[in-house]
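# Working through the structure, step by step
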Amino acid sequence: MIRHLMLSHRYVKALLEGRKRSTIRPGVLKVADRVYIHSKGRIVAVAEVESVMYKRVLELTDEDARLDGFNHREELVAYLKRRYPGLRDTAIITIIKFRKVVEADMPEDAVYGGLSPVELATLALSRLKLSPRERRILQAVVETGSLRKAALKLFGTIDKRGAIRRVLRKAAKMLADGGLEGQTEGN
């Protein structure tokens, strides 16, 4: 379930002013009723989701474009194809429409119980039983000192930060729940 969305800083003002009332992502995504909007390493808004629709790129309309802050369909499709290379007209996309958007100014680590991602990753690595994939992801966060750098190291793109955030949120929940049943030896 998607609870965090990345947004280019170019579109934050339009989102906060209500000129951008939706966002479009490739694939079929399950989206929570409330999402955190991230931009430039901060949570800039919290949005209530009004609706989630699935269409093919070729089915997008001028109205879809206007809701997403573009002037017309052609402008939106051109942007999507630049943003997501290889996106085909027949590809399914998810349109997330917002009901209410509230400006926020929180560090991304606010959702990790007040710990920085590096602090959380360090704690989780020393106290929790983790899968090899989870350990590799958390170790990259510790080594690089940032979600962006860890994503680049692991996946070759910053667009995969969501995978890192999911592991961090899982670790935060396990630690908060006293998840030390999965504690490693010696701790």
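Remember, predicted model here, so these are calculated numbers, not experimental data. (Residues numbered from 1 in each chain as written. Predicted model: local features only at pLDDT ≥ 70, side-chain atom pairs only at ≥ 80, totals over all residues. Heavy atoms only, no water.)

Another point: the overall build of the protein. Per the secondary structure count, the protein includes seven helices and five strands. Listed N to C, the secondary structure of the protein is β-α-β-β-β-α-α-β-α-α-α-α in terms of helices and strands. When each of the 187 residues of the protein is scored for burial, the buried share is 40%. The contacts of the protein with a sequence gap of at least 6 include a subset with a gap of at least 24, amounting to 69%. (Helix = DSSP H or I, 4+ residues; strand = E, 2+ residues; numbered from the N terminus. Buried < 20%, exposed > 50% of the residue type's maximum accessible area, 1.4 Å probe, protein only. Contact = heavy atoms within 4.5 Å.)

Another aspect to go through is the packing of aromatic side chains. Per the counting criterion, the structure on display carries three aromatic pairs. Between Tyr11 and Phe70 the ring centres are 6.1 Å apart and the planes differ by 50 degrees, which places this aromatic pair in the tilted class. On the criterion of sequence distance, the pair formed by Tyr11 in the loop between β1 (2-6) and α1 (12-17) and Phe70 in the loop between α2 (62-67) and α3 (73-83) is long-range, its members being 59 residues apart. Residue Phe70 is classed as buried on the basis of its relative accessible area of 8%. One aromatic cluster is present, formed by Tyr11, Phe70 and Tyr79 through successive ring pairs. Directly above the aromatic system of Tyr11 lies the positively charged group of Lys20, at a separation of 5.5 Å from the ring centroid. (Phe/Tyr/Trp six-rings, centres within 6.5 Å; stacked < 30°, edge-to-face > 60°. Lys NZ or Arg CZ within 6 Å of the ring centre and 35° of its normal.)

Among the structural elements, Gly41 can be located in the loop between β3 (31-39) and β4 (42-56). Of the residues examined, Gly41 reaches a relative accessible area of 28% and is grouped as partly exposed. Along the backbone, Gly41 and Met6 are 35 residues apart, and their C-alpha atoms lie at a distance of 9.4 Å.

Restricting attention to buried positions, one finds in helix α4 (residues 117-127) the residues Pro117, Leu120, Ala121, Ala124 and Leu125. Around the axis of α4, the buried residues are gathered within 130 degrees of arc, so they sit on the same side. Packing partners of the buried residues in α4 comprise α5 (132-144), α6 (147-155) and α7 (161-176). (Arc of directions from axis to C-beta.)

Another aspect to go through is the environment of Leu123. Relative to the helices and strands, Leu123 resides in helix α4. Since its relative accessible area comes to 29%, Leu123 is described here as partly exposed. Sequence separation of Leu123 and Ala171 is 48 residues, and the distance between their C-alpha atoms is 8.9 Å.

The next point concerns the confidence of the model for the protein. Confidence along the protein averages 88 in pLDDT terms, with 90% of residues attaining 70 or more. α2 holds the highest mean pLDDT among the elements of the protein, 97, whereas β1 holds the lowest, 84. (pLDDT = per-residue confidence, 0-100.)

Our next topic: α6. All of the buried residues in α6 are Leu147, Ala150 and Ala151. Viewed end-on, α6 has its buried residues packed into an arc of 100 degrees, placing them on one side of the element. Exposed and facing more than 90 degrees away from the buried side of α6 are Lys149 and Lys153. At its buried positions, α6 is contacted by α4, α5 and α7. If you check the start of α6, you find a side-chain oxygen 3.3 Å away from the backbone N of Arg148, and it comes from Ser146. Looking at the residues trailing α6, positive phi occurs at Gly156, about 80 degrees. (Polar contact = N/O pair within 3.5 Å; in protein donor to acceptor, adjacent residues only side chain to side chain.)

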